[in-house]
Amino acid sequence: MIKARELAKPQAQSGHTQPAKGGRRHLLDLDDLSRAEIETLLSTAKTMQEVLHRDIKKVPTLRGKTIITLFYEASTRTRVSFEQAGKVLSADVINVSSSGSSVEKGESLYNTAKTLQAMNADIIVIRHPHSGAPYLMSHFLDSCVINAGDGSHAHPTQALLDLYTLQQHLGTVEGLKVVMVGDILYSRVARSNLWGLTKMGAQVVLCGPLTLIPLDFLTAYRNREGHPFASIEVETNVERALEGADAVMVLRLQRERQQAGHLPSLREYSQVYGINQKRLALAKPNVLVLHPGPMNEGIEIDPEVAHGAHSVIEEQVNNGVAVRMAVLYQLATPSREGS
Ligand code: CP
């Protein structure tokens, strides 16, 4: 585990080509991270949380590094927390959004990325409506690339902060029954969490109308012998799914991505799958309620649950800063191995 005093030293100015800590240059999803790598990121986040609890929330660790956040889709939590994380680590952080940039004049993703790299970006944090956009960038850039959400595909830092929040409250993720309820088909948060939770040993139950469960995606992996997805259960009855749950992850209906025909009506969805206090009482007495935000209160989650005693939704946001500090640190600082 990294010690807080290590953060007090600016890291060597290595340029882009030296291997980062753990030898990884990009964070695109959790599918190719080992359990040990996830555990290292979570323990590093714990050290970062100590920094955030100080009176002066600033360490020189990434002094001289430039982080560019490039957002082609709306965001509050992810963009702001990456900015805060970079600034606490003393990096220079520049925010670019598609509106107001040359993207509006038709500049391609490739040319935009090359332009930002020419400005010596060490790390580019990208959110894009198209699944795979961060992967494309990682192929032709020397900068580190962090996926801050691509289409319906992946949102690895959200999954990491969810794991961190579970671990913080319940001590471990191993063996927990975690129920994900809602629009799993279009949720990049759900997909990254499927990797993270199963690699960390949770028992995952997916719940929602079958029209919003990515059965093809699940089947493709569940048929592989020994695959962590083999343990994932699908349950369309929310009451049965919630029985004995340690945590419930409520997912937003991604109305901007859904095509017509998935649901008869929002009212009906809310009646059948909305998480309210009566349903929550079926879970364990100390159940945690998570939601990645933004919430459709009154549709997938009742306000009394969203802001009630079991909710850790604000803590998720708070933990997002420490987790993103950990990711920036691990990618942007050179490995000491062999030095
Ligand atoms: N959870 C999440 O990605 O929130 P934002 O869209 O506000 O970044």
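Caption draft 1: Local environment of the sheet that holds strand β1 (residues 66–71). Spatially, β2-β1-β3-β4 is the arrangement adopted by the four strands of the open sheet, whose pairing is parallel. Unpaired on one side and paired on the other, β2 (92–97) and β4 (144–150) mark the two borders of the sheet. Geometrically, the sheet is characterised by an average inter-axis angle of 15° between neighbouring strands, direction not taken into account. Of the strand pairs in this sheet, β1 and β2 are connected by six bridges, and their pairing is parallel. Within the sheet, the bridge partner assigned to Thr-69 lies in β2 and is Asn-95.

Caption draft 2: Region of interest: helix α12 (residues 313–332). Its 20 residues place the ends of α12 29 Å apart at the C-alpha level, agreeing with the 28 Å of an ideal helix rising 1.5 Å per residue. Of all 20 residues in α12, 16 are buried; the element is thus mostly enclosed.

Caption draft 3: Layout of the pattern of salt bridges. Applying the stated criterion to the full structure yields ten salt bridges. Its salt-bridge partner being Glu-37, residue Arg-24 comes within 2.9 Å of it at the nearest N-O pair. You can see Arg-24 sitting in the segment before α1 (35–52) and its partner Glu-37 sitting in helix α1, a full 13 residues away along the chain. Arg-24 gets classed as buried once you look at its relative accessible area, which sits at 19%. Across the pair Arg-279 and Glu-239 runs a salt bridge, and its minimum N-O distance is 2.8 Å. Pair noted here: Arg-279 is in helix α10 (residues 277–280) and Glu-239 is in helix α8 (residues 238–242), with a separation of 40 residues, a long-range link.

Calculation criteria
Residues numbered from 1 in each chain as written. Predicted model: local features only at pLDDT ≥ 70, side-chain atom pairs only at ≥ 80, totals over all residues. Heavy atoms only, no water. Pairing = 2+ DSSP bridges. Helix = DSSP H or I, 4+ residues; strand = E, 2+ residues; numbered from the N terminus. Axes fitted to C-alpha atoms, helices over the stretch in contact; angles between N-to-C directions. Expected span 1.5 Å × (residues − 1). Buried < 20%, exposed > 50% of the residue type's maximum accessible area, 1.4 Å probe, protein only. Salt bridge = Lys/Arg side-chain N within 4 Å of Asp/Glu carboxyl O.

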